[in-house]
Amino acid sequence: MQENNVSRLGFEACQKCSICNEVCPMMEVNPLYPGPKKAGPDQERYRLKDPVFYDYALKYCLNCKRCEVACPSGVHVADLIQRARLDYAPSPKHPLRDTMLASTDFVGSLASPFAPIVNAVLPLKPVKAILDGAFAIDKRRTFPKYSPKTFVSWFRREAAPRQKEFSRFVSFFHGCYANYNYPQLGKDFVKVMNAAGYGVHLLEKERCCGVALMANGMEKQALKQARTNIASMVTAAGKGEMILTASSSCTFMMRNEYGEVLGLPSEGYRDSLELACKWLYEKIEAGEVKLDFRPDFKMKLSYHTACHMQRLGWQNYTIELLRMIPGVSLTVLDQNCCGISGTFGFKKEYYGYSQEIGARLFDDIKASNPEAVVSECETCKWQIEMNTGIPVMNPLSVLAAALKP
Ligand code: SF4
Ligand code: SF4
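Everything numeric here is computed off the predicted structure, so don't read it as measured data. (Residues numbered from 1 in each chain as written. Chains lettered and ligands numbered in written order. Predicted model: local features only at pLDDT ≥ 70, side-chain atom pairs only at ≥ 80, totals over all residues. Heavy atoms only, no water.)

### Let's talk about the sheet that holds strand β6 (residues 328-332)
Judged by pairing direction, the sheet is parallel, and its four strands sit side by side in the order β6-β5-β7-β8 without closing on themselves. Only two strands of the sheet have a single partner each, and these edge strands are β6 and β8 (392-393). Direction of pairing for strand β5 (residues 299-303) relative to β6: parallel, over a ladder of five bridges. Residue pairing across strands places S302 opposite T331, the latter belonging to β6. Sitting on the sheet, helix α19 (residues 315-323) is in contact with β5, β6 and β7 (372-374), with an inclination near 155° to β6. (Pairing = 2+ DSSP bridges. Helix = DSSP H or I, 4+ residues; strand = E, 2+ residues; numbered from the N terminus. Contact = heavy atoms within 4.5 Å. Axes fitted to C-alpha atoms, helices over the stretch in contact; angles between N-to-C directions.)

### What to know about the packing of helix α11 (residues 151-163) against helix α13 (residues 183-195)
Here α11 crosses α13 at 15°, and the two axes come no closer than 10 Å. Taken as axis vectors, α11 and α13 run roughly parallel relative to one another. For the element pair α11 and α13, the recorded crossing hand is right-handed. In contact with F151, W154, F155, A159, R162 and Q163 of α11, α13 contributes P183, G186, K187, V190 and N194. Class assignment for the residues of the contact of α11 with α13 results in six nonpolar, three polar and two charged. (Parallel < 35°, antiparallel > 145°, perpendicular 65-115°, else oblique. Left-handed = near helix turned anticlockwise from the far one by under 90°. Nonpolar A, V, L, I, M, F, W, Y, C, P; charged D, E, K, R; others polar.)

### Quick notes on the site of ligand 1
Within the structure, ligand 1 sits among C24, P25, Y33, P36, C61, L62, N63, C64, K65, C67, A78 and I81. Considering only residue class, the shell around ligand 1 consists of 10 nonpolar, one polar and one charged. (Near = heavy atom within 4 Å.)

### What about the side chain of S171?
Among the secondary structure elements, S171 is positioned in strand β1 (residues 169-173). With residues up to four places along the chain from it excluded, the contact list for S171 reads H201, L203, A236, E241, M242, I243 and L244.

### Focus: the site of ligand 2
Near ligand 2 lie 13 residues; those nearest to it are C14, C17, S18, C20 and C71. Residue composition of the shell around ligand 2, grouped by class: eight nonpolar, three polar and two charged.

### Concerning unusual backbone geometry
At S18, a residue that is not glycine, the phi angle is positive and equals roughly 70°. Inspection of the secondary structure puts S18 in the loop between α1 (6-9) and α2 (19-23). With relative accessibility at 26%, the residue S18 sits in the partly exposed group. For N369, which is not a glycine, the phi torsion comes out positive at approximately 50°. (Buried < 20%, exposed > 50% of the residue type's maximum accessible area, 1.4 Å probe, protein only.)

### Observations concerning the packing of helix α4 (residues 36-49) against helix α6 (residues 77-88)
The interhelical angle for the contact between α4 and α6, taken along N-to-C directions, is 55°, at an axis separation of 9 Å. In terms of orientation, α4 and α6 fall into the oblique class. In the crossing of α4 with α6, the sense of the turn from one axis to the other is left-handed. When α4 is examined against α6, the residues P36, A39, G40, P41, E44 and R47 are found in contact with a partner set consisting of V77, L80, I81, A84 and Y88. A breakdown of the residues in the contact of α4 with α6 according to their chemical character gives eight nonpolar, one polar and two charged.

### What about the pairing of β5?
A large share of β5 lies buried, amounting to four of its five residues. Here β5 runs beside β7; their pairing, made up of three bridges, is parallel. If you follow S302 over to β7, its bridge partner there is V373.

### What about the side chain of S103?
Looking at where S103 falls in the secondary structure, it is placed in the loop between α7 (95-102) and α8 (104-111). The class for S103 is buried, based on a relative accessible area of 17%. At a separation of 2.7 Å, a polar atom in the side chain of S103 contacts the main-chain carbonyl oxygen of T99. (Polar contact = N/O pair within 3.5 Å; in protein donor to acceptor, adjacent residues only side chain to side chain.)

### So, the pattern of salt bridges
Taken as a whole and judged by the stated rule, the model has 23 salt bridges. Ionic pairing is found between R97 and E349, a salt bridge with its closest N-O pair at 2.9 Å. Taken as a pair, R97 in helix α7 and E349 in the loop between β6 and α20 (351-368) lie far apart in primary sequence, 252 residues in all. In this structure R97 comes out as buried when scored by relative accessible area, which is 3%. On the accessibility criterion, E349 (36% relative accessible area) is partly exposed. For K278, the salt bridge goes to E282, with nearest N and O atoms at 3.3 Å. One end of the pair, K278, and the other, E282, are both in helix α17 (residues 276-285), four residues apart, so they sit about a helical turn from each other. The exposure class of K278 is buried, given its relative accessible area of 10%. Overlapping salt bridges bring together K65, E68, D79, E257 and R311 as one network. (Salt bridge = Lys/Arg side-chain N within 4 Å of Asp/Glu carboxyl O.)

### Quick notes on helix α15 (residues 219-238)
Note that an α-helix has 3.6 residues per turn; residues three or four places apart therefore point the same way. Taking 1.5 Å per residue as the helical rise, α15 with its 20 residues ought to reach 28 Å, and the 28 Å between its terminal C-alpha atoms agrees with that figure. Every buried residue belonging to α15 is among E219, A222, L223, Q225, A226, N229, I230, S232, M233, A236 and A237, and all of these are buried. Where α15 is buried, its residues contact α6, β1, α14 (211-215), β3 (243-245), α16 (248-260) and β4 (273-275). Phi turns positive, to about 85°, at G240, one or two residues after α15. (Expected span 1.5 Å × (residues − 1).)

So, to be careful, I would describe these as geometric facts and stop short of saying anything about function.
Here it is in structure tokens:
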């Protein structure tokens, strides 16, 4: 048990205003869930006295952090809940399923070499029925596709030699999604950074950020991977390089949850770790970077603020960056949770909640009728694409498409 983390010490600041309950998407759809006030600070008092007071209904928390954004007293409500789950939750009912869903690095490295077969087999009805029946992975869920070639293999082969032409560098934390599922996102990152006058380095060693491991109670593995990432990020920051990312979930995990939930030190890397769009916006505003956009680029886009992006508070950097592209018409959607919450929405017992929670967002998206939705979160992308049929782009991919050749 982590006894000295920041979150656990802050719960006494709660003034019992219940504002957090008003914004909790799970409380709205699930009468079994006690809500953030009760699940967080209220029950923490009892849990600290005796773990027997652990409430099994905490398994429903999405860790969306909306309660923390709303709390006027700065209570780390969701961190309290995450910590309690890690400390007291009973063994999962489906340990193999949870391990498979959470081990994104391991599963990605197995699936990627066989991507054409995996991509053809996973959507088949009999396969989905087996996954549903034997592993409790809901058959209605669409799986992300795997890429036959990873981003890292492309980078080493094709991009790395070109980076020597630059004198300024950033380090890129590419994440599992760009590496195993959608290398084009990593290619877009490199294109944008090179256009901004920066070469790209990869970290010495990168592991999955561990957000899914933590959500599935696999703390030991999450800590191991976090320590590897921290060591690599400290090395990169020590060379004076910013560590930039494309995914809001990975970024939030590494900047906030490594320290606040896992109790790891954040010195030496945290201030150098940012989402690429925030960094780019600030460089452009400071006059240090100029991006040349195609005059004929036209796109009607809707921006979805992922929950962890909202907690980071960085959505306006992306929104303003997108508005710098001539020809972009941008609608900013209301901040509603998409409901998937990483691996949560893949699980049979939670699938219905994930769909119900996301319904308002899906309606808003359809009403705004964009050519594409923009969001930094890959799991929001899966959920939105499955439910609306409208493609979701990372803002870096929009920038890359809008750049002059
Ligand atoms: S993290 Fe989200 S789901 Fe969990 S208590 Fe807070 S608002 Fe509710
Ligand atoms: S919003 Fe903050 S202060 Fe108010 S009840 Fe929730 S945790 Fe307590």
